[in-house]
Amino acid sequence: KTILVEALTKPSRAKRQDRVKVSVVGVPTMENYKSIFATIAIFLVIQFEVFALSQETTTVSSRRQWLFAQPKRLLKCATALATAELFAPRTCLADDPGPTGRFVTKAQAEYTNSITASRDTNVSPKEAYDSIMRYIPRNQNWGSKKVKALDVGAGAGLSTSYLYDQLGYKDIDAVDWSGDAWRSNVLSTPPSVRFYELDDDTFYSMIKNQRNQQHSNDGEQPEITNEVKYQVICYNFAVNPSKAVRVAKEFLSDDGFLFAPINDRAEYWYKQTYYVLNSEGQILQKSGADVGAWSVQFQPDVTSPTCTGIWCGDINGFNQKRAK
């Protein structure tokens with residue numbers, strides 16, 4: 001969620017479809033193999049029927065040449081069929097997590113450019129997601145639900161998909177004060193990925209208060225129980241240094257780490273640098289001023305009283321929503 005060069009952006013016209021089809025590479029199943037073998041059998045029957053009909057009008061030598069040519073032709077046919085069947089796109093529906101419980105978003109990123117995902121959310125430049133891959137290590141217990149990750153400012157779900165698919169964090173809490181981009185772009189969500197339409201401060205308060213509220217998917221929030229600690233906390237908007245340290249100390253597990261674009265100076269929202277902090281709030285890693293051709297600059301933290309610009313509460317509707 002980064003600041004666009006333009007002062008104003010057009011609202012996204014994308015509307016969520018209840019059943020949106022998305023192509024993903026499938027996994028070979030028994031049905032795939034049955035289809036291949038059936039087609040090869042049909043091919044053989046047709047070929048030998050033609051051979052039988054032609055025996056009376058062909059010479060012995062021509063029949064021999066025809067027979068010798070069949071294995072090569074059959075191999076070409078089988079290879080083409082196998083390629084088409086095993087690597088054909090599969091279909092996932094918006095209300096179906098799919099056969100492998102995939103997390104699917106239609107959001108995409110471009111290098112050096114932000115893309116409007118909703119009225120109040122942008123998809124960050126591709127450099128931001130390259131940085132996630134660079135600074136956040138893969139889950140050593142790949143797929144383990146004992147390892148929790150928190151995606152703050154999840155927006156259209158692209159950062160969540162990197163954590164889930166590329167880095168192996170399967171148990172994820174995704175948080176954003178506006179759910180418009182999430183609802184418009186996320187097509188398939190496994191049960192281990194939960195979205196909370198809350199700002200991060202409210203979400204942390206809910207964790208600390210251990211509020212046990214079981215809700216449906218009609219806009220209310222999922223259940224939070226017990227004390228929660230995260231192995232990974234990934235921020236997708238600018239935060240002040242003091243907040244990053246406080247969150248790291250309070251909500252990271254002992255061996256966890258926080259990844260965030262942190263203001264170069266406190267309360268200065270026009271330039272950030274990526275930091276990786278441990279559970280003591282100590283700096284483990286730091287990026288350069290620029291990431292590739294992109295000068296790191298994100299949307300500001302809407303909960304900060306010093307937030308400035310069109311992405312802040314007085315203009316983007318956050319203050320009005322929070323007051324309700």
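Just so it is clear, the model here is predicted, and its values are computed rather than measured.

A. Local environment of the overall build of the chain. For the chain, the helix and strand inventory stands at nine helices and 15 strands. Among the 324 residues that make up the chain, the fraction classed as buried is 47%. When the accessible surface of the chain is summed, it comes to about 17,300 Å², and 53% of that surface belongs to carbon and sulfur atoms.

B. Structural context of the pairing of strand S4 (residues 115–118). The pairing of S4 with strand S5 (residues 121–123) spans three bridges and is antiparallel. Pairing of Thr116 across the sheet is with Asn122, part of S5.

C. Looking closely at the packing of aromatic side chains. Enumeration over the complete set of coordinates arrives at 13 aromatic pairs. Between Tyr129 and Tyr162, the aromatic rings sit 5.4 Å apart at their centres with planes inclined by 20°, giving stacked as the arrangement. Highlighted residues: Tyr129 in helix H3 (residues 126–135) and Tyr162 in helix H4 (residues 158–166), separated in sequence by 33 residues. With relative accessibility at 5%, the residue Tyr129 sits in the buried group. Between the aromatic rings of Tyr135 and Phe259, the centroid separation amounts to 5.8 Å while the plane-to-plane angle is 25°, which identifies the pairing as stacked. Highlighted residues: Tyr135 in helix H3 and Phe259 in strand S11 (residues 252–263), separated in sequence by 124 residues. Note on accessibility: Tyr135 and Phe259 belong to one class, buried. The structure contains a cluster of three or more aromatic residues connected by ring pairs, namely Tyr135, Phe259, Tyr274, Trp294 and Phe298. Here the guanidinium or amino end of Lys170 rests over the ring plane of Tyr164, the centre of that ring lying 4.0 Å away. Directly above the ring of Tyr268 sits Arg265, whose terminal nitrogen or CZ lies 4.2 Å from the centroid.

D. Representation of the pattern of salt bridges. A full pass over the atoms with the stated rule returns 11 salt bridges. Two residues, Asp173 and Lys148, come together in a salt bridge whose shortest N-O distance is 3.8 Å. Taken together, the positions of Asp173 in strand S7 (residues 171–175) and Lys148 in strand S6 (residues 148–152) put the pair 25 residues apart, joining distant regions of the chain. The pair Asp173 / Lys148 is uniform in exposure class, with both members buried. For Arg183, the salt bridge is made with Glu197, and the minimal N-O distance between the two is 2.9 Å. Of this pair, Arg183 sits in helix H5 (residues 180–185) while Glu197 sits in the loop between strand S9 (193–196) and helix H6 (200–208), and the two are 14 residues apart along the sequence. Given the relative accessible area of 33%, Arg183 is considered partly exposed. A cluster of three or more residues bridged by salt bridges with shared partners is formed by Lys148, Asp171, Asp173 and Arg194.

E. Region of the structure containing the sheet that holds strand S10 (residues 230–235). As summarised here, the arrangement of the seven strands in space is S9-S7-S6-S10-S11-S12-S13, forming an open sheet in which the pairing is mixed. Edge strands, defined here as strands with exactly one partner in the open sheet, are S9 and strand S13 (283–286). Going across the sheet, the axis of each strand differs from the next one's by a mean of 15°, ignoring polarity. Across four bridges, S7 lies against S9 in parallel orientation. When the sheet's bridge partners are listed, Val175 is paired in S9 with Tyr196. Strands S6, S7, S9 and S10 of the sheet are contacted by H4, whose axis makes an angle of about 170° with S7.

F. Structural context of empty space enclosed by the protein. Taken as a whole and judged by the stated rule, the model has three cavities of 30 Å³ or more. Of the voids in this model, the second largest cavity is the one considered here, and its volume is about 60 Å³. For the second largest cavity, the lining is made up of 13 residues, of which Asn122, Tyr129, Ala154, Gly155 and Ala156 are closest to its centre. With three residues, the top contributor of residues to the lining of the second largest cavity is S5. Across the lining of the second largest cavity, the residue classes tally to five nonpolar, seven polar and one charged.

G. Representation of the nonpolar core. With 38 residues, the main nonpolar core has Ile132, Ile136, Leu163, Tyr169, Trp182, Phe259 and Tyr274 as its most contacted residues. Within the residue set of this core, elements represented by two or more residues are H3, H4, S7, H5, S9, S10, S11 and strand S12 (272–278). Contact partners of Leu163, with chain neighbours within four places excluded, come to Ile136, Asp151, Gly168, Tyr169, Ile172, Val232 and Cys234. Of all hydrophobic cores here, the second largest spans 25 residues; its members include Val175, Phe251, Leu252 and Leu258.

What counts as what
- Residues numbered from 1 in each chain as written.
- Predicted model: local features only at pLDDT ≥ 70, side-chain atom pairs only at ≥ 80, totals over all residues.
- Heavy atoms only, no water.
- Helix = DSSP H or I, 4+ residues; strand = E, 2+ residues; numbered from the N terminus.
- Buried < 20%, exposed > 50% of the residue type's maximum accessible area, 1.4 Å probe, protein only.
- Areas by Shrake-Rupley, 256 points an atom, 1.4 Å probe, with all protein chains shown as cover.
- Pairing = 2+ DSSP bridges.
- Phe/Tyr/Trp six-rings, centres within 6.5 Å; stacked < 30°, edge-to-face > 60°.
- Lys NZ or Arg CZ within 6 Å of the ring centre and 35° of its normal.
- Salt bridge = Lys/Arg side-chain N within 4 Å of Asp/Glu carboxyl O.
- Axes fitted to C-alpha atoms, helices over the stretch in contact; angles between N-to-C directions.
- Contact = heavy atoms within 4.5 Å.
- 1 Å grid on protein atoms, 1.4 Å probe; cavity = no way out; pocket = protein on both sides within 12 Å on 5 of 7 lines; lining within 4 Å.
- Points joined across faces, edges and corners; volume = space filled by probe spheres on them.
- Nonpolar A, V, L, I, M, F, W, Y, C, P; charged D, E, K, R; others polar.
- Core = buried A, V, L, I, M, F, W, Y, C linked by side-chain atoms within 4.5 Å.

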